[in-house]
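Observations on the model geometry
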Amino acid sequence: MSNFESLRKLTLTEAADLIHKKEVSPVELVDACLEQIEKYDSNLRAFITVEAEQARIVAKASESMLMAGYDMGPLHGVPLSLKDNINVKGGRTTAGSAILKDNHPAYDATVVRHLKGDGAIIIGKNNMHEFAWGGTTDNEHFGTCRNPWDDTRFPAGSSGGSGAALAAGMCYGALGTDTGGSIRLPSAIHGTVGLRPTLGRVSNYGVVPLAWSQDTVGPMARTVADCALLFNSIAGHDPRDPSTVLRPVDDYTQDLTKGVKNLRIGIDSSYFFNDLQPGVKSAVQAALKTFEDLGAHIIEVPIEHIAYNTAPMLTVEASEPSTYHQRWVREQPESYANDVRTMLETGEFYLATHYINAQRYRRLLRNEFMEGFKQCDLYITPTLAYTALPIGQTEFEADGTMHDYLGVQMQFTGLPSLTGLPGMSVPCGFDGRGLPVGMQLIGRPFDEAFMFRVGAAFQQVTDYHTKTPVL
């Protein structure tokens, strides 16, 4: 194994620790990531923009500062990547679109400012579904992103490039955005960890929006501990984003070893385990058994109106993006990919009554979850009903029936999105083809530290998160 290969196998937490001990140089880590990008990204298309020269300059400066006794923070010298709807000052932020292909923001997004303040190195901007409005990362402007576990299969989306880059060893952590599942879906598909925070916990300032009332930035990494470390950097109130909550942040890494003994995990079997591919169902049920073996209690806590979530989800996700894009769709419709333009045009046909009723349902569903939390400490669902599908395939089989993949893509991830609750995808196994399966943890508002604790307990006794694709 070459030195670069061994470096790429490090987790973000391990890499950061070695940098602070001066046993590994930021220059070595950046070069290891760039070598992997150069080798494989012409096929995988995980990146829209790679900032190789800039990253090397910052890495050398980071090394010099550390040798001189200046430590910028817990992410000092660690190479990260960003979904390409997150502004980086002077760089290019396209949101995966032709409309913004020459967009060079004059300021950093708040989350980027925090990452830089903690010493992180931004190595590039990841491919995404155009304007984050889609779940495949099949991008006609910058190339179809492919899954490193099987490059004939899709990486999900819309943060598919971030998930692919992580799984392929092209970065140590990433930021994505999540509206209906766009962090958690690629995380499940790639066998990595992704957190959608409580709505209002992380600033959206400097991020190209999709649907304002559901958008959030979140961390993506290979382990729960890595996600917690990234979340420490980006969480918090931002006066430039009035949607953020003025509430103290936790040290999200402090409870990772507390275990799950006597914790109550809620499930709704009548909804959580229907219409799943067999490999997904067995992996999630095995994960629940693992939690029982660790001392947790699995209890049925039904959510009365949970099955009605898809229509309200699509109503919000259609109406709000169409509002943002209204002028561009009228003035330059040819600039959009056909699938995105169709969805934006469809959003114009929703009535105010549809939108208002969708918002009413969101409140109802949140109230039912909050009632459920009186009986349990968190919920666990599958993240996605299926594993990575072949690129272009629109159906999957479950229980002997063919299902449209888009119709059920957000049946689980839409629950935290609608309610504003935190949701995290954690790898929990593989299907018969060797493709990763993810489970979703849904927690109480602002209880991310507890969710990290539960996810870390699972990863302490399993090794699914240590598996990587053969490229």
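Everything in this summary refers to the structure shown in the same document.

Rules and cut-offs
- Residues numbered from 1 in each chain as written.
- Predicted model: local features only at pLDDT ≥ 70, side-chain atom pairs only at ≥ 80, totals over all residues.
- Heavy atoms only, no water.
- Core = buried A, V, L, I, M, F, W, Y, C linked by side-chain atoms within 4.5 Å.
- Buried < 20%, exposed > 50% of the residue type's maximum accessible area, 1.4 Å probe, protein only.
- Helix = DSSP H or I, 4+ residues; strand = E, 2+ residues; numbered from the N terminus.
- Contact = heavy atoms within 4.5 Å.
- Axes fitted to C-alpha atoms, helices over the stretch in contact; angles between N-to-C directions.
- Parallel < 35°, antiparallel > 145°, perpendicular 65-115°, else oblique.
- Left-handed = near helix turned anticlockwise from the far one by under 90°.
- Nonpolar A, V, L, I, M, F, W, Y, C, P; charged D, E, K, R; others polar.
- Patch = residues over 30% accessible without salt bridge, like charges linked within 9 Å, V, L, I, M, F, W, Y side chains within 5 Å.
- Areas by Shrake-Rupley, 256 points an atom, 1.4 Å probe, with all protein chains shown as cover.
- Salt bridge = Lys/Arg side-chain N within 4 Å of Asp/Glu carboxyl O.

A closer look at the nonpolar core
Core analysis: the biggest nonpolar cluster contains 125 residues, and Leu115, Phe369, Met439 and Phe452 have the highest contact counts within it. Looking at this core element by element, the count peaks at eight residues for helix α17 (residues 448-461). Not counting the four nearest positions on each side in its chain, Phe369 is found in contact with Ile303, Ile306, Tyr379, Leu415, Thr419, Leu421 and Ile442. The next biggest cluster of nonpolar side chains, apart from the first, holds 14 residues, and it includes Ile99, Trp133, Tyr336 and Leu344.

Concerning the environment of Lys261
Within the secondary structure, Lys261 sits in the loop between α8 (224-234) and β9 (264-267). Given a relative accessible area of 62%, Lys261 falls into the exposed group. Sequence spacing of Lys261 and Tyr271 is 10 residues, and the spatial spacing of their C-alpha atoms is 26 Å. When sequence neighbours within four positions are dropped, the list of residues in contact with Lys261 reads Leu294 and Gly295.

Thoughts on the packing of α8 against α17
The geometry of α8 relative to α17 is characterised by a closest axis approach of 9 Å and an angle of 155° between their N-to-C directions. On the basis of their axis angle, the class for α8 and α17 is roughly antiparallel. Crossing angle aside, the handedness with which α8 passes α17 is left-handed. From α8, Val224, Cys227, Ala228 and Phe231 reach across to α17, where they touch Glu448, Phe452, Gly455, Ala456 and Gln459. Class assignment of the residues belonging to the contact of α8 with α17 gives a composition of six nonpolar, two polar and one charged.

Concerning a nonpolar patch on the surface
Together, Met65, Tyr70 and Met72 make up a nonpolar patch on the protein surface, roughly 300 Å² of accessible area in all. Along the chain, Tyr70 falls in the loop between α4 (52-67) and β2 (79-83). Overall, Tyr70 belongs to the exposed group, its relative accessible area being 57%.

Description of the pattern of salt bridges
If the charged atoms of two oppositely charged side chains come close together, the side chains can form a pair. Enumeration over the complete set of coordinates arrives at 20 salt bridges. Here Asp84 and Lys125 are joined by a salt bridge, their closest N and O atoms 2.9 Å apart. Taken together, the positions of Asp84 in the loop between β2 and α5 (110-117) and Lys125 in strand β3 (residues 121-126) put the pair 41 residues apart, joining distant regions of the chain. Of the two residues, Asp84 and Lys125, both sit in the buried class. In the salt-bridge network here, residues are joined through shared partners; they are Asp178, Arg184 and Arg196.

Quick notes on α5
Looking only at α5, the buried set comprises Thr110, Val111, Val112 and Leu115. Of the surrounding elements, those touching the buried residues of α5 are β2, β3, β6 (174-178), β8 (216-221) and α8. Once α5 ends, the next one or two residues include Gly119, with phi positive near 95°.

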